[in-house]
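Here is how the chains run, residue by residue.
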Amino acid sequence: MRLAVLETERCVGCQCCMFACSRRQDEAGLTKACIAVKSVGGMRRGFTVIVCRACDNPPCAKVCPTNALEPGKDGGVRLDMKKCIGCGHCQDACLIGAILWDDTTNKPMICIHCGYCVNFCPHKVLGLKKKEGVAHAKR
Amino acid sequence: MLKDDPLANILYIDLSNRTFMTKKRPELFDRYIGGAGVAIQLLHEECPTGCDPIGPENPIIFAVGPLTSLFPLASKTVAMFKSPHTGNLGESHCGGRSAVAIRMAGYGAIVLKGASDIPIYLSIHGNKVYFHDASSLWGMGSSATGRIIRENETGGGLRTIMRIGKAGENLVSYASVTTETYRHFGRLGLGAVFGSKKLKAIAISGKLSVPVADTKLYRKMYEEIYQKAVESPVMKKYHDLGTAENIIALNKFGGFPTRNLKEATFEKADAISGEAFAAGYLGRRLACSHCPVGCIHIAALREPYEDEPYYYKTSMISYDYEPIYSLGSMLGISDPEGILKLMDSVETAGMDAMSTGVVLAWATEAQEQGLISEKETMGIKFSWGDPAPYINASRLITEQPNEFYTALAKGVDYAGSIYGNRDSALAFGKNEMAGYHTGPGTHVGSLIGLRHSHLDNAGYSIDQKVLAQKQTSPEELADMLLEEERWRQILSSLVVCFFARGIYAPDIVSKLLPLLGFELKLEDINRIGTEIYREKYRFKTREGFSLDELRIPKRIFETSSPVGKFDESYIRRAIDRVKKIMEKQGAD
Ligand code: SF4
Ligand code: SF4
Ligand code: SF4
Ligand code: SF4
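Residues numbered from 1 in each chain as written. Chains lettered and ligands numbered in written order. Predicted model: local features only at pLDDT ≥ 70, side-chain atom pairs only at ≥ 80, totals over all residues. Heavy atoms only, no water.

**Here we look at the overall build of chain B**
What chain B contains, in helices and strands, is 24 helices and 18 strands. For 588 residues, the compact-globule estimate of 2.2 N^0.38 gives 25 Å, and the C-alpha radius of gyration of chain B, at 23 Å, lies within 12% of that figure. Dimensions along the principal axes, computed over C-alpha positions, put chain B at roughly 65 × 60 × 50 Å. Looking at the 588 residues of chain B, the share that counts as buried comes to 66%. For chain B, the proportion of contacts with a sequence separation of at least 24, taken over those separated by at least 6, is 69%. Considering chain B, the positive charge centre built from 68 side chains and the negative charge centre built from 70 side chains are found 3 Å apart. (Helix = DSSP H or I, 4+ residues; strand = E, 2+ residues; numbered from the N terminus. Rg over C-alpha atoms; globule rule 2.2 N^0.38 Å. Buried < 20%, exposed > 50% of the residue type's maximum accessible area, 1.4 Å probe, protein only. Contact = heavy atoms within 4.5 Å. Lys, Arg positive; Asp, Glu negative; His and termini not counted. Charge placed at Lys NZ, Arg CZ, Asp CG, Glu CD.)

Here it is as structure tokens:
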């Protein structure tokens with residue numbers, strides 16, 4: 001399963017998903033959020049929800065010099081904190097900007113597709129979906 | 001509070017010397033919680049008695065509270081300053097991203113002092129403060145200013161951008177500060193205080209963590225509150241139609257001020273109802289940070305250009321109950337497009353929509369009565385229901401090209417004192433009235449309320465829930481209003497949105513505070529509420545406010561309300577009650 005952004009036009013920009021992702025890690029605040037919500041050039045134009053879409057053959061993993069990002073069987077990556085040196089290459093490789101940064105540890109924050117935030121999106125923007133939904137060439 | 005909670009940090013910024021520093025003041029938060037409670041203490045400390053509200057000595061204080069960023073609907077920032085509109089307590093609340101941004105940048109409060117000699121804007125990113133030359137932004141509308149700063153600043157998705165329009169620059173005493181295009185520090189003239197400091201805007205961002213005492217319990221309590229918020233019918237109502245849903249109900253009840261309160265029902269209310277706006281114009285809904293409700297309603301207004309076919313401009317304009325009242329029914333306007341265009345004009349200028357509408361309604365009546373002519377209005381002929389003259393006049397208030405518009409820019413109380421027709425100059429404690437003529441409760445509430453706002457103590461709600469049901473003495477009314485207003489000091493110290501007051505009931509609040517390291521029993525919380533109320537009242541009286549000198553516009557006695565007519569002696573008795581209580585407390 002992966003976290004899917006079902007309908008961005010319904011997003012009201014409440015950031016409840018961001019706070020939820022912190023809470024799943026027993027944190028309060030935004031340092032640890034693995035999902036971001038930004039306006040599309042001002043709130044009048046609505047929002048975009050930025051989160052890992054669980055690529056197959058993830059580009060972020062390919063550029064990691066220490067193999068800290070292990071591709072998951074359903075796509076996406078798991079970060080091994082001990083291996084990560086905080087170089088930020090993965091951030092450059094992720095075109096959609098889904099690798100957020102924890103400034104306190106100087107390490108990346110990447111969605112693990114746990115689905116916790118889905119329960120706190122009040123407007124049905126987020127959902128958990130089977131992997132097939134991602135459109136790209138099969139390996 | 002918890003030892004390492006960054007809430008204790010107060011950021012002091014000196015605009016004259018372009019310096020800043022942070023002080024840790026946990027004792028202030030321990031004693032007064034945060035928000036309004038802390039802000040009034042800082043105002044007492046920083047604001048010299050009798051200072052000029054548009055002089056450099058007038059400080060601006062922003063404060064958030066322990067629940068900010070931790071719980072849903074804790075979405076408001078409290079601003080305090082000396083009001084250029086009333087000359088005493090200036091307090092205004094705003095959502096958007098402001099509260100979360102301040103807390104996540106690592107502050108419980110921000111104090112701005114001094115004034116700049118050139119236009120500037122500030123950016124506060126975490127522990128860094130930058131001063132930027134804003135000369136190229138001066139004279140710009142509030143939305144354009146927001147767009148330019150958005151493009152120049154970092155922190156996208158995590159930031160607030162507070163800014164003023166031309167009304168603030170030109171010191172209109174009810175100029176507002178806009179955040180995130182659609183939310184405002186609307187009332188009592190914070191925009192003019194910004195303008196007097198040549199402060200065009202402030203961008204704030206950050207993404208900290210905040211400690212909690214017990215993470216398991218925190219998650220549990222969070223889930224409880226979140227569920228209540230998304231399941232509550234009140235919250236559903238605010239998400240569906242927004243505050244504009246109240247128009248039909250208020251009108252049916254007979255408490256919907258119309259044409260400068262010559263009437264309290266609007267025959268065309270259906271045309272400007274929340275339902276009508278939603279059906280014809282609703283284009284988007286938005287939420288403040290950390291608010292699952294999303295009550296902000298944005299209309300999409302498509303207007304053709306006259307010089308070329310198939311050429312359109314689409315504006316996104318936010319609407320709410322209050323601006324539909326003040327810029328709609330109060331001016332007799334029943335055309336939603338006309339109301340939206342007028343709202344847009346007031347928004348661009350950056351003025352309080354309520355005050356502007358009430359000022360224009362008074363001017364219309366004054367012109368009807370021949371107290372002012374087209375010489376004063378510079379050729380404008382006001383006419384109930386016709387938006388165009390009002391749109392032009394709103395621009396002239398911003399520009400103040402003559403004495404008349406300069407008077408309008410000081411509010412309806414002042415304009416009435418110069419040109420007459422004062423008994424229909426609808427202001428309470430110099431603040432223009434809100435959209436309720438529900439009975440004496442709403443008016444007494446605004447008169448005695450520390451901000452002279454309908455939200456101080458919700459007198460309109462007491463009218464509907466209590467006075468409409470049973471005979472109530474002025475003394476009983478005063479007691480109910482005071483009790484509500486004291487509790488609201490706590491809500492605005494936490495700081496939670498007043499729409500969530502049903503969720504943040506006293507027993508819940510007393511369970512939440514220990515999570516943030518506040519060991520307060522319910523009676524302690526109530527005592528603090530009373531103390532904050534008293535501290536604000538002390539500031540008001542220090543600045544010359546007196547309950548004895550409150551002017552009551554006679555119009556409210558002339559137009560029947562849903563609970564019938566009421567008279568001045570009823571209102572005076574209620575005010576006397578408050579006075580006695582405050583005197584007794586002061587002596588304690
Ligand atoms: S972080 Fe970016 S590149 Fe890596 S799997 Fe997720 S979406 Fe793909
Ligand atoms: S920041 Fe860490 S995970 Fe990302 S590429 Fe560098 S080492 Fe790998
Ligand atoms: S799915 Fe889990 S990890 Fe991903 S953003 Fe949501 S809560 Fe965070
Ligand atoms: S919780 Fe849902 S509506 Fe709110 S910001 Fe996240 S995706 Fe948007």
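**Here's the deal with the pattern of salt bridges**
All names here are of chain B. This model, assessed by the stated rule, comprises 35 salt bridges over all chains. Note that Arg 577 and Asp 479 form a salt bridge whose closest N and O atoms lie 2.6 Å from each other. Pair noted here: Arg 577 is in helix H24 (residues 568-587) and Asp 479 is in helix H20 (residues 474-494), with a separation of 98 residues, a long-range link. Classification of Arg 577 as partly exposed rests on a relative accessible area of 31%. Relative accessible area serves as the criterion here: at 29%, Asp 479 is assigned to the partly exposed category. When the shortest N-O distance is used, the salt bridge between Arg 527 and Glu 531 registers 4.0 Å. Taken together, the residues Arg 527 and Glu 531, both in helix H22 (residues 522-542) and four residues apart, mark about one turn of the helix. When salt bridges that share partners are traced, they join Arg 31, Asp 524, Arg 527 and Glu 531 into one network. (Salt bridge = Lys/Arg side-chain N within 4 Å of Asp/Glu carboxyl O.)

**Looking at the domain arrangement of chain B**
All names here are of chain B. If you check the domain split of chain B, you get domain 1 (6-206), domain 2 (241-425) and domain 3 (432-584). Put simply, the middle of domain 1 and the middle of domain 3, counted by C-alpha atoms, are 26 Å apart. Taken together, the contacts link 43 residues of domain 1 with 31 residues of domain 3. For the pairing of domain 1 and domain 3, the buried interface totals around 3,300 Å² over both sides, and the portion due to carbon and sulfur atoms is 63%. (Domains from an automatic or database assignment. Buried area = accessible area lost by both parts, 1.4 Å probe.)

**Some points on the interface of chain A and chain B**
Taken together, the contacts link 33 residues of chain A with 37 residues of chain B. Across the chain A/chain B interface, buried area totals approximately 3,000 Å², and carbon plus sulfur atoms make up 54% of it. Its salt-bridge partner being Arg 219 of chain B, residue Asp 26 of chain A comes within 3.6 Å of it at the nearest N-O pair. At the surface where chain A touches chain B, the tally comes to 22 residue pairs in polar contact (both at pLDDT 80 or more). If you list the elements that add at least two residues to the side of chain A that touches chain B, you get helix H1 (16-24), strand E2 (28-29) and strand E3 (36-39) of chain A. Examining the composition of the side of chain A that touches chain B, we find that five residues originate from one element, H1 of chain A, more than from any other. Residues of the side of chain A that touches chain B, tallied by class, amount to 16 nonpolar, nine polar and eight charged. Relative to strand E13 (residues 209-210) of chain B, E2 of chain A runs antiparallel, the two being bridged by two bridges. The residue of E13 of chain B that forms the bridge with Gly 29 of chain A is Ser 209 of chain B. (Polar contact = N/O pair within 3.5 Å; in protein donor to acceptor, adjacent residues only side chain to side chain. Nonpolar A, V, L, I, M, F, W, Y, C, P; charged D, E, K, R; others polar. Pairing = 2+ DSSP bridges.)

**A word on the packing of helix H13 (residues 353-368) of chain B against helix H17 (residues 412-419) of chain B**
Residue and element names in this part refer to chain B. Two numbers describe how H13 lies on H17: the axes approach to 9 Å, and their chain directions differ by 20°. In terms of orientation, H13 lies roughly parallel with respect to H17. Considering how the two elements wind past one another, H13 and H17 form a crossing that is right-handed. Where H13 abuts H17, its residues Val 358, Val 359 and Trp 362 lie against Val 412, Ala 415, Gly 416 and Tyr 419. The residue inventory of the contact of H13 with H17, partitioned by class, reads six nonpolar, one polar and no charged. (Axes fitted to C-alpha atoms, helices over the stretch in contact; angles between N-to-C directions. Parallel < 35°, antiparallel > 145°, perpendicular 65-115°, else oblique. Left-handed = near helix turned anticlockwise from the far one by under 90°.)

**Some details on the site of ligand 2**
Around ligand 2 lies a shell of 14 residues, among which Cys 64, Cys 84, Cys 87, Gly 88 and Cys 90 of chain A are the nearest. Looking at the shell around ligand 2, its residues break down into ten nonpolar, four polar and no charged. (Near = heavy atom within 4 Å.)

**A few points about the nonpolar core**
All names here are of chain B. Counting 244 residues, the largest nonpolar core has Phe 62, Phe 71 and Tyr 504 as its most contacted members. Broken down by element, this core gets its largest block of residues, nine residues, from H13. Discounting residues that sit within four places of it in the chain, Tyr 504 has contacts with Leu 67, Phe 71, Pro 72, Leu 73, Ile 225, Trp 487, Leu 491, Val 496, Val 509 and Leu 512. Formed by seven residues, the second largest nonpolar core is a distinct cluster that contains Tyr 121, Ile 161, Ala 201 and Ala 203. (Core = buried A, V, L, I, M, F, W, Y, C linked by side-chain atoms within 4.5 Å.)

**Comments concerning the layout of surface pockets**
Considered as a void within the structure, the second largest pocket measures approximately 710 Å³ in volume. Lining the second largest pocket are 34 residues, with Asp 103 of chain A together with Leu 158, Ser 205, Gly 206 and Lys 207 of chain B positioned closest to its centre. Elements represented by at least two residues in the lining of the second largest pocket include exactly E3 and strand E7 (100-102) of chain A. If one sorts the elements of the lining of the second largest pocket by residue count, E3 of chain A sits on top with three residues. Of the residues in the lining of the second largest pocket, the class split is 15 nonpolar, 16 polar and three charged. (1 Å grid on protein atoms, 1.4 Å probe; cavity = no way out; pocket = protein on both sides within 12 Å on 5 of 7 lines; lining within 4 Å. Points joined across faces, edges and corners; volume = space filled by probe spheres on them.)

**Considerations on the sheet that holds strand E9 (residues 159-163) of chain B**
All names here are of chain B. Strand order in this open sheet of six strands is E8-E7-E12-E9-E10-E11, and the pairing throughout is mixed. Looking at which strands have only one partner, the edges of the open sheet turn out to be strand E8 (128-133) and strand E11 (183-185). Each neighbouring strand pair of the sheet contributes to a mean axis angle of 20°, computed without reference to strand direction. In terms of strand pairing, E9 meets strand E12 (residues 199-205) through five bridges, oriented antiparallel. The residue bridging Thr 160 from the neighbouring strand is Ile 204, located in E12. Set on the sheet, helix H4 (residues 142-152) makes contact with strand E7 (120-125), E9, strand E10 (177-179) and E12; between it and E9 the angle comes to about 140°.

**A few points about the domain arrangement of chain A**
Residue and element names in this part refer to chain A. As far as domains go, chain A holds domain 1 (1-51 + 111-133) and domain 2 (55-96). If you sort the residues of domain 1 by the area they bury against domain 2, Met 1, Ile 112 and Lys 131 come out on top, with a joint share of 67%. Our count for the contact surface shared by domain 1 and domain 2 stands at zero salt bridges. The tally of links between domain 1 and domain 2 comes to one residue pair in polar contact (both at pLDDT 80 or more). When grouped by side-chain class, the residues that make up the side of domain 1 that touches domain 2 number five nonpolar, no polar and one charged.

**A closer look at the packing of aromatic side chains**
Tallied over the entire structure, the rule returns 20 aromatic pairs over all chains. Plain terms: the ring middles of Phe 404 of chain B and Tyr 419 of chain B are 5.4 Å apart, the flat faces sit at 80° to each other, and that makes the pair edge-to-face. Pair noted here: Phe 404 of chain B is in helix H16 (residues 403-408) and Tyr 419 of chain B is in helix H17, with a separation of 15 residues, a long-range link. For the pair Phe 404 of chain B and Tyr 419 of chain B, a shared accessibility class is recorded, and that class is buried. One aromatic cluster is present, built from ring pairs that chain together Tyr 116 and Phe 120 of chain A together with Phe 71, Tyr 218, Tyr 222 and Tyr 226 of chain B. One cation-aromatic arrangement involves Arg 486 of chain B over Tyr 533 of chain B; the distance from NZ or CZ to the ring centre is 5.9 Å. (Phe/Tyr/Trp six-rings, centres within 6.5 Å; stacked < 30°, edge-to-face > 60°. Lys NZ or Arg CZ within 6 Å of the ring centre and 35° of its normal.)

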